[in-house]
Amino acid sequence: RLWRCSIEAVVSTQSTGDYDWVKGNAGANFYYLTNYATVDMWSGLADAIQDMPAATDRMSLIYDAFSMAKIDKLDYATALDMTKYIGDNEGEYVVMSRALSEVLSAADLVKDDKNAAQLFKNYIVDMLEPTVQKLGFTAASDESITISKMRDMALRNYLKNVGNSTNEYVITALEMFDKFVLDPVGEKSTIKDIFTTITRTAIIYDSNGDENWSSMWDLLQKSDWEADQKKYIAALSRTNSTDKLDRMVDASFEEKPKGDCWRYLSYISSQGGHLEYAWQTLQDRWDDYATKYNSTSFTMGYLIEIPADFDTEDKYTQVKKFFDSKSDNIGTGLKTVSETLATIKNNIEKRKKYGTVIKNWLTTL
């Protein structure tokens, strides 16, 4: 149920001084999504946010701004302005994670435009570089869990987007992976808090004849721990070698693969960024997957979700036509088909509605 109300407040103070801002709901005793009356008010908040002492206030403003933008109550560019102060001026995980999540979502809406995609990469690097420089790779003995999470988040996204194999932090990450390969048991504790970051970076910057990929593939085959298997598969999926992706898919159909069969193709799409490859493979090997996960298995839903990231009318038509042709062996996946098609339609609408605004915002940076 949606509750909407207008609140008239009488504000009294013990001082006769002038005030630029008055904070309502002090102490956050109640939960509100707040839209401010004018763009000028939002712009003023964007200028003032870095000076707000409470991390919860900064996080809430960012959350409110993007929530309003997504229901057309605020221009998307104004919402993105709320993240401009991040960098040297933000040190709290709860705020940084919210801001980064919203920026990544905006970037996804213009991912097909190479120039816009690169501008977002540059923006993300600028957001995160001060934190990466401050926290580095090594945790202090008395470090809080939020600082550990901040380090992993900052490093992972910085290293992914910096795109420079000679960058000092990329070099350090690759050196740490090399040490881990030589002594997986001994070195695991050294990189345990950034394990996913190190393994993914090793594949993204694997420039020595796929040496890192081969080393990690061997580690996967030797691993008996499901949690590590998932991380290895996610990292291996980031290769740009079609032959390596084919090898992963083939291996997933072995009698006892390392990790679930469906996870390989799902991760190739979602973690590796190879949506087109995964979609084509799903079509080519549909009968193999349908045989493995018979019509009563809900696991087919994970595979049917793969094309949900598409955002064009042509792809919508293609996906619908394909699944319509598989009604005889889609089984319990039928409901997921309708959800996937609805998601594609929503993606199309969001890209049409916000894409140009976001691209124009990028030109102001």
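It should be emphasised that the depicted structure is a prediction, and the values quoted were computed from it without experimental measurement. (Residues numbered from 1 in each chain as written. Predicted model: local features only at pLDDT ≥ 70, side-chain atom pairs only at ≥ 80, totals over all residues. Heavy atoms only, no water.)

K.L.:
Honestly, the overall build of the protein chain in this entry has me stumped. Any pointers?
P.N.:
Tallying secondary structure elements over the protein chain gives 18 helices and zero strands in all. Counting only C-alpha atoms and orienting by the principal axes, one finds that the protein chain spans roughly 75 × 50 × 40 Å. Residues classed as buried in the protein chain amount to 45% of the 365 residues present. In the protein chain, once contacts between residues fewer than 6 apart in sequence are set aside, the share between residues at least 24 apart is 69%. As displayed, the protein chain offers around 20,100 Å² of accessible surface, 47% of which is attributable to carbon and sulfur atoms. The averaged location of the 55 negative side-chain charges in the protein chain is 4 Å from the averaged location of its 42 positive side-chain charges. (Helix = DSSP H or I, 4+ residues; strand = E, 2+ residues; numbered from the N terminus. Buried < 20%, exposed > 50% of the residue type's maximum accessible area, 1.4 Å probe, protein only. Contact = heavy atoms within 4.5 Å. Areas by Shrake-Rupley, 256 points an atom, 1.4 Å probe, with all protein chains shown as cover. Lys, Arg positive; Asp, Glu negative; His and termini not counted. Charge placed at Lys NZ, Arg CZ, Asp CG, Glu CD.)

K.L.:
What's the story with the pattern of salt bridges in this structure? I'm lost.
P.N.:
Think of it this way: side chains of opposite charge can pair up when their charged atoms draw near. In total, this model carries 23 salt bridges according to the counting rule given. Close ionic contact of Glu90 with Arg58 constitutes a salt bridge, the shortest N to O distance being 2.7 Å. Here Glu90, found in the loop between helix H3 (76-81) and helix H4 (93-108), pairs with Arg58, found in helix H2 (residues 55-70); they are 32 residues apart in sequence, far enough to count as distant. Looking at Arg58, the relative accessible area reads 7%, which means it is buried. Note that Lys335 is salt-bridged to Glu339, the shortest N-O span being 2.4 Å. (Salt bridge = Lys/Arg side-chain N within 4 Å of Asp/Glu carboxyl O.)

K.L.:
Teacher, can you tell me more about unusual backbone geometry here?
P.N.:
A negative phi angle characterises most non-glycine residues, just as the trans form characterises most peptide bonds. Positive phi outside glycine occurs at Asp72, with the angle close to 65°. Within the secondary structure layout, Asp72 lies in the loop between H2 and H3. Under the relative-accessibility criterion, Asp72 is labelled partly exposed at 45%.

K.L.:
Can you help me understand the environment of Leu33 in this one?
P.N.:
Mapped onto the secondary structure, Leu33 falls in the segment before helix H1 (39-48). Put simply, Leu33 and Asp250 are 217 residues apart on the chain and 48 Å apart in space, counted from C-alpha to C-alpha. The contacts of Leu33, once residues within four sequence positions are left out, are Tyr63, Asp64, Ser67 and Met68.

K.L.:
So what exactly am I meant to see when it comes to the packing of aromatic side chains here?
P.N.:
For any pair of aromatic rings, the description rests on two quantities: the centre-to-centre distance and the angle between the ring planes. In this structure the tally under the stated criterion is 18 aromatic pairs. When the centroid spacing of 4.8 Å and the interplanar angle of 50° are considered together, the rings of Phe253 and Tyr289 count as tilted. One end of the pair, Phe253, is in the loop between helix H12 (242-252) and helix H13 (261-270); the other, Tyr289, is in helix H15 (residues 286-292), with 36 residues separating them in the sequence. What makes Tyr289 buried here is its relative accessible area of 0%. Ring plane angle 65° and centroid distance 5.9 Å describe the contact between Trp286 and Phe323, whose orientation is recorded as edge-to-face. Taken as a pair, Trp286 in helix H15 and Phe323 in helix H17 (residues 313-324) lie far apart in primary sequence, 37 residues in all. In this pair, the class of Trp286 matches that of Phe323, namely buried. Clustering of aromatic rings is evident, with ring pairs tying together Trp279, Trp286, Phe310, Phe322 and Phe323. Its guanidinium or amino end placed over the ring of Tyr316, Lys345 lies 4.5 Å from that ring's centre, counting from NZ or CZ. (Phe/Tyr/Trp six-rings, centres within 6.5 Å; stacked < 30°, edge-to-face > 60°. Lys NZ or Arg CZ within 6 Å of the ring centre and 35° of its normal.)

K.L.:
Help me understand empty space enclosed by the protein in this model?
P.N.:
Here the idea is plain: a probe the size of a water molecule rolls over the atoms and shows the empty space left. Considering all chains together, one arrives at one cavity of 30 Å³ or more under this definition. Considering only enclosed or pocket space, the largest cavity measures out at about 40 Å³ in volume. Around the largest cavity sit Trp217, Gln221, Ala251, Glu254, Lys256, Pro257, Lys258 and Tyr264, which together line it. Residues of the lining of the largest cavity, tallied by class, amount to four nonpolar, one polar and three charged. (1 Å grid on protein atoms, 1.4 Å probe; cavity = no way out; pocket = protein on both sides within 12 Å on 5 of 7 lines; lining within 4 Å. Points joined across faces, edges and corners; volume = space filled by probe spheres on them. Nonpolar A, V, L, I, M, F, W, Y, C, P; charged D, E, K, R; others polar.)

K.L.:
Which parts of the structure should I look at to understand the packing of helix H6 (residues 145-162) against helix H7 (residues 168-182)?
P.N.:
Packed helices, taken two at a time, are described by their axes: the angle between them and the distance between them. Across the interface, H6 lies against H7 with an axial gap of 10 Å and an inter-helix angle of 110°. Relative to H7, H6 is oriented roughly perpendicular. In the crossing of H6 with H7, the sense of the turn from one axis to the other is left-handed. On H7, the residues touching Tyr158, Leu159 and Val162 of H6 are Tyr169, Val170 and Ala173. Across the contact of H6 with H7, the residue classes break down as six nonpolar, no polar and no charged. (Axes fitted to C-alpha atoms, helices over the stretch in contact; angles between N-to-C directions. Parallel < 35°, antiparallel > 145°, perpendicular 65-115°, else oblique. Left-handed = near helix turned anticlockwise from the far one by under 90°.)

K.L.:
Can you help me understand helix H10 (residues 211-222) in this one?
P.N.:
Each α-helix winds once per 3.6 residues, and so residues spaced three or four apart point in a common direction. Helix length check: H10, at 12 residues, gives a terminal C-alpha distance of 17 Å against a target of 16 Å (1.5 Å per residue), a fit within 8%. For H10, the complete set of buried residues consists of Asn212, Trp213, Met216, Trp217, Leu219 and Leu220. Along H10, the residues classed as buried sweep out an arc of 160° about the axis, all on the same side. The elements touched by buried residues of H10 are H7, helix H8 (184-188), helix H9 (195-204), helix H11 (226-236), H12 and H13. (Expected span 1.5 Å × (residues − 1). Arc of directions from axis to C-beta.)

K.L.:
What's the story with the environment of Lys315 in this structure? I'm lost.
P.N.:
Mapped onto the elements, Lys315 comes out in helix H17. Assessed through its relative accessible area of 17%, Lys315 is described here as buried. Separated by 148 residues in the primary sequence, Lys315 and Asn167 have C-alpha atoms spaced 37 Å apart. Discounting chain neighbours no more than four positions away, the residues touching Lys315 are Glu276, Trp279 and Phe310.

K.L.:
What am I meant to see in the environment of Thr166 here?
P.N.:
In this structure, Thr166 sits in the loop between H6 and H7. Distance in space between the C-alpha atoms of Thr166 and Tyr205 is 10.0 Å, their sequence separation being 39 residues. Among the polar contacts listed, one links the side chain of Thr166 to the side chain of Asn164, at a separation of 2.7 Å. (Polar contact = N/O pair within 3.5 Å; in protein donor to acceptor, adjacent residues only side chain to side chain.)

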